[in-house]
Number of protein chains: 2
Amino acid sequence: MTVDREEYSVPGFSAAAVATGVKGAGKRDLSLIVAQAPAVAAGVFTTNLFPAAPVVIDRERIASGRAQAILVNSGCANAATGDEGEHDALRISRTLAGHMNIEDNLILLASTGVIGHRLPVASIEQAMPSLLSALRVDGIAEAQEGIMTTDRFPKIASRRCMIDESSVVLCGIAKGAGMIEPHMATMLAFVFTDAAVEAACLDRLLREAVGQSFNAVSVDGCMSTNDTAIMLAGGAAGNRLLKESSPSINHFREALASLMESLAVAIVRDGEGATKVVTIRVEKAASVEEARHIAYFVANSNLVKTAFYGGDPNWGRIISAVGAGGVALDPGRVELFIGGHLLFSKGQGRTERQDEIIEIMKRPEIDVTIALGRGRSAFRLYTSDLTHDYVTLNAHYHT
Amino acid sequence: MTVDREEYSVPGFSAAAVATGVKGAGKRDLSLIVAQAPAVAAGVFTTNLFPAAPVVIDRERIASGRAQAILVNSGCANAATGDEGEHDALRISRTLAGHMNIEDNLILLASTGVIGHRLPVASIEQAMPSLLSALRVDGIAEAQEGIMTTDRFPKIASRRCMIDESSVVLCGIAKGAGMIEPHMATMLAFVFTDAAVEAACLDRLLREAVGQSFNAVSVDGCMSTNDTAIMLAGGAAGNRLLKESSPSINHFREALASLMESLAVAIVRDGEGATKVVTIRVEKAASVEEARHIAYFVANSNLVKTAFYGGDPNWGRIISAVGAGGVALDPGRVELFIGGHLLFSKGQGRTERQDEIIEIMKRPEIDVTIALGRGRSAFRLYTSDLTHDYVTLNAHYHT
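Quick notes on the rules
Each chain has its residues counted from 1, running along the sequence as written. Numbering of ligands from 1 and lettering of chains from A proceed in the order in which they are written. Since the coordinates come from a predicted model, pLDDT governs what is reported: local features require at least 70, and pairs of side-chain atoms require 80 or more to be given and counted, while whole-chain, interface and lining totals use all residues. Comment: elements are numbered from the N terminus, with helices defined as DSSP H or I runs of at least four residues and strands as E runs of at least two. We call two residues in contact when the distance between their C-beta atoms, placed using the backbone, is within 7 Å. Gly falls in the polar group here, along with every residue not listed as nonpolar (Ala, Val, Leu, Ile, Met, Phe, Trp, Tyr, Cys, Pro) or charged (Asp, Glu, Lys, Arg). A residue counts toward the fit only if its pLDDT is at least 70 in both copies, and the copies are then superposed by least squares on the C-alpha atoms of those residues. We define the nonpolar core as any set of buried residues of the types Ala, Val, Leu, Ile, Met, Phe, Trp, Tyr and Cys, connected via C-beta atoms lying within 7 Å of each other. To sort residues by burial, count the other C-beta atoms lying within 10 Å of each one's C-beta; a count of 20 or more means buried, 12 or fewer means exposed, and anything in between means partly exposed. C-beta atoms are built from the backbone. A domain assignment, automatic or from a database, supplies the domain bounds used here. What makes two strands pair is DSSP finding at least two bridges between them. Interaxial angle, 0 to 180 degrees, is taken between N-to-C directions of lines fitted to C-alpha atoms, where a helix line uses only the stretch in contact. By definition here, a helix of n residues has an expected span of 1.5 Å times n minus one. Each C-beta atom gives one direction from the helix axis, and the arc is the one those directions make. To sort the angles, those under 35 degrees are grouped as roughly parallel, those over 145 as roughly antiparallel, those from 65 to 115 as roughly perpendicular, and the leftovers as oblique. With the far helix as reference, a near helix turned anticlockwise by less than a right angle produces a left-handed crossing, and one turned clockwise produces a right-handed crossing.

Draft legend 1. Broad picture of the overall build of chain A. Within chain A one finds eleven helices and 15 strands. For chain A, the spread of C-alpha atoms along the principal axes amounts to about 70 × 50 × 40 Å. Partitioning the contacts of chain A with sequence separation of at least 6, the portion at a separation of at least 24 is 81%.

Draft legend 2. Layout of the interface of chain A and chain B. Facing the 49 residues of chain A at the interface are 49 residues of chain B. Elements supplying a minimum of two residues to the side of chain A that touches chain B: α8 (302-310), α9 (315-324), β13 (348-349) and α11 (388-396) of chain A. Element by element, the count of residues in the side of chain A that touches chain B is highest for α9 of chain A, at eight residues. Tallied by class, the residues present in the side of chain A that touches chain B amount to 20 nonpolar, 25 polar and four charged.

Draft legend 3. Region of interest: the relation of the copies chain A and chain B. Mapping chain A onto chain B is achieved by rotating through 180° and translating by 0.0 Å along the same axis, at an RMSD of 0.1 Å. One copy is carried onto the other by what is essentially a two-fold rotation axis. Relative to the rotation axis, the closest C-alpha in chain A is found at H388 of chain A, a distance of 2.7 Å. An overlap of 100% is found between the interface residues of chain A and their copies at the interface of chain B, pointing to a shared contact surface.

Draft legend 4. Quick look at the nonpolar core. Counting 276 residues, the largest nonpolar core has I33 and V298 of chain A together with I33 and V298 of chain B as the members making the most contacts within it. Beyond its immediate sequence surroundings of up to four residues, I33 of chain A is in contact with F13, A15, A69, I70, I140, A143, F190 and F192 of chain A.

Draft legend 5. Structural view of the domain arrangement of chain A. Residue and element names in this part refer to chain A. Partitioning chain A into domains gives domain 1 (6-269) and domain 2 (277-396). On a C-alpha basis, the centroid separation for the pair domain 1 and domain 2 is 33 Å. Listed as interface residues are twelve residues of domain 1 and, on the opposing side, eleven residues of domain 2. Mapped onto the side of domain 1 that touches domain 2, the elements with two or more residues apiece are β8 (217-218) and α6 (249-269). For the side of domain 1 that touches domain 2, the leading source of residues is α6, giving four residues. For the side of domain 1 that touches domain 2, the per-class residue count stands at seven nonpolar, four polar and one charged.

Draft legend 6. Structural context of the pairing of strand β15 (residues 377-384) of chain B. Residue and element names in this part refer to chain B. Across two bridges, strand β8 (residues 217-218) lies against β15 in parallel orientation. In the strand pairing of β15, V217 is matched with Y382. Alignment of strand β10 (residues 277-285) against β15, held across seven bridges, turns out to be antiparallel. If you follow A285 over to β15, its bridge partner there is S377.

Draft legend 7. Here's a closer look at the environment of S158 of chain A. All names here are of chain A. One can find S158 in strand β5 (residues 155-163). Taking the C-alpha atoms as reference points, S158 and R380, 222 residues apart in sequence, are found 23 Å from one another. In contact with S158, other than residues within four places in its own chain, are E7, Y8, V169, L170 and C171.

Draft legend 8. Focus on the sheet that holds β8 of chain A. Residue and element names in this part refer to chain A. Read across the open sheet, the seven strands follow the order β8-β15-β10-β14-β11-β12-β13; overall the sheet is mixed. Each edge of the sheet is formed by a strand with only one pairing partner; in this case those strands are β8 and β13. With seven bridges joining them, strand β10 (residues 277-285) and strand β14 (residues 365-371) adopt parallel strand pairing. Counted as the bridge partner of V278 is I366 from β14. Seen against the sheet, α9 touches β11 (335-338), β12 (341-345), β13 and β14 and runs at an angle of roughly 140° to β11.

Draft legend 9. Examining helix α5 (residues 199-212) of chain B more closely. Residues and elements named next belong to chain B. For α5, built from 14 residues, the straight-helix expectation of 20 Å at 1.5 Å per residue is met to within 8% by its first-to-last C-alpha distance of 20 Å. The set of residues buried in α5 consists of C201, L202, L205, L206, A209 and V210. Burial along α5 is one-sided: seen end-on, the buried residues are contained in an arc of 160°. Elements that come into contact with the buried residues of α5 comprise β2 (30-45), β9 (228-233) and α6 (249-269).

Draft legend 10. Seen up close, the sheet that holds strand β14 (residues 365-371) of chain B. All names here are of chain B. Taken in spatial order, the seven strands of this open sheet run β8-β15-β10-β14-β11-β12-β13, and their pairing is mixed. Of all the strands in the sheet, the pair left with one neighbour each is β8 and β13 (348-349). In terms of strand pairing, strand β11 (residues 335-338) meets strand β12 (residues 341-345) through three bridges, oriented antiparallel. Looking across to β12, one finds that F337 is bridged to L342.

Draft legend 11. Inspection of the environment of G43 of chain B at higher detail. Residue and element names in this part refer to chain B. Here G43 is to be found in strand β2. For G43 and I57, which are 14 residues apart along the polypeptide, the C-alpha to C-alpha distance reads 12 Å. Those residues in contact with G43 that sit more than four places away from it in its chain are D58, I62, T228, A229 and I230.

Draft legend 12. Inspection of the environment of N78 of chain A at higher detail. All names here are of chain A. Turning to its location among the elements, N78 is positioned in the loop between β3 (66-76) and α2 (82-100). Considered as a pair, N78 and H293 are 215 residues apart in the sequence and their alpha carbons are 31 Å apart. Setting aside chain neighbours within four positions, we find N78 in contact with A52, A53, P54, G85, D88, A89, S111 and L119.

Draft legend 13. Local environment of the packing of helix α1 (residues 53-62) of chain B against helix α2 (residues 82-100) of chain B. Residues and elements named next belong to chain B. Across the interface, α1 lies against α2 with an axial gap of 8 Å and an inter-helix angle of 60°. In terms of their interaxial angle, α1 and α2 are classed as oblique. The two elements α1 and α2 cross, and the hand of that crossing is right-handed. Contacts from A53, P54, V56 and I57 in α1 reach G85, E86, D88, A89 and L90 in α2.

See below:
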């Protein structure tokens, strides 16, 4: 995939990535994104009770609603490293703040890689001068490269929209690819915009968008210690400050939702070992929570995931997962559709369309709809299949 | 594994299995176990909301606390087959009752195999005369063979114990091997004893034993539509009727628990594609439910399961799963042991014993203990690893 660097520049931001040697063989593993002045900042973090050191630090710092730089290293998660890990993280942020001549609590950190190893502080500090001198307005794509671990392709997207008379741009980068589940497991995403946005409004918009994107995907049902989604709004577009009450709020909301969804789907498509993207839509549920619960229950069934991998039209496994999900549904009212074809209703299978279903199951993108017959709520999630490559990658990769 | 047929005979019971052609190539796929007179019966069934036809029928019949025969077919689950499936099941039970000249509600049924296909009624009925004439007092091992699907080895065990002055025997057979999770997924188990046991007491003993055995294993976190555990007590041993208040009740309870646990561990060892049995013990929990929840959460993490397969001492994945389990624990009080060695405490990894841990992770049986630091409750479960063979078996086997 060739990346148009021009498309991914955001006025007021510069970025770069360098190789510190941690990921080896000259691979870029340290990324920096800098706003020309303190930007309005919002963040959503893992709910894992063993958060990595950078998550602990960011949560505290982002409470101010302001940040100017994000430093991300890949190859070491700095998780389960105790007080020492926190000291390491604070130290590199202090060193960077010194180089940039800003307060260190304007710096946010993110890490991804092996759990339980100390951060390579010396290598990171040594790389900082060259990282800072490499900063370029069209460097976001390069920064994306620096945050990849087992990702097979870059995840970068941009959207434009109008706020009143001002054209603004949003650009996002993300990494997957294992440990992807509800609460955004080993997932990093950073979104930058030149729009001027009020802090409380930015926070709310980010949370909404995460709920419909990163919190609506599942690769393997695991939640990481490092998940982070951060958004910075620099304000260089010169628009009238965007608030909840602004007439243009929905343009911006839709652009952000579309951007984040495209990054989330890219993460699923690049799920470890994935060969298919499966959209699971649960509808006619009594509540969104119920729909969400069943969608995840089906998506995380290894028997369902392997059936998609094998291209086996094994709707019995889906029905079995629906029935095991703990929702008190009436089995006679449940309907299952694959690729738009009804396969199960009134408690029994409909086998008329078997040939078409076999064809549909071979496709790289499959739509599954489960109607619970209980109400009007719905939830849609994206998931991937469970493959030999997933096992190979995870049996031998030391996370 | 050679089976000593003598060891597995229970006075008052006979059994046999024949090939009906459903599983193909002359493989035994229809088993029958018969008591010489109506026996005291208890059963525990799947909680899946799409129970197979035989489960629906058995639940109703076993309410009487009596049964005389169990007919089990493998190759077709008779699940998601609607009213027709129930008619099919009732029809074969009626035919068998006619041959045996007993009431048809003394017959229990169980099925395992592909979901959504109609039962091969004609083949089953045709096989009945030869099945009945093959009944032998030492036929239980043969019946075990007839209930296997993807099982790689037979699961049969027996125990003896004293009730007052009478020696009694308990013999059990079971099948796995995929869809094994909490509530006994695609798991069939049948236990026979010559002890005389009061019906309410038998029911309670069976439920207790299932809770500590079949409901304490997980292969892939999936629950089937057909799970069934049935116990028949014939009474040929002539002991004084066993009740809750009997002085010997604990001998019998322990023998049953030990029998069922050995069958459950055999199911995990034979989990689809499994190369390892991992015992996960969660202790110092605030409640048994909490301990159980975390144990399953860790056991069902694909990242944990693949790490065991790869022999990777990746304790970070275990800690990450514990932290994602939704229990409000204090991360600083959590301790993790593998093979008795402390690997994580006070929020950080202990890497002193890395070499020993690498050795332990290579073993076919691994003990993991997670202390939550919250109370005095504990739960122990057995699980298996996630391997290439699991994916191969399930991507291409049409359940």
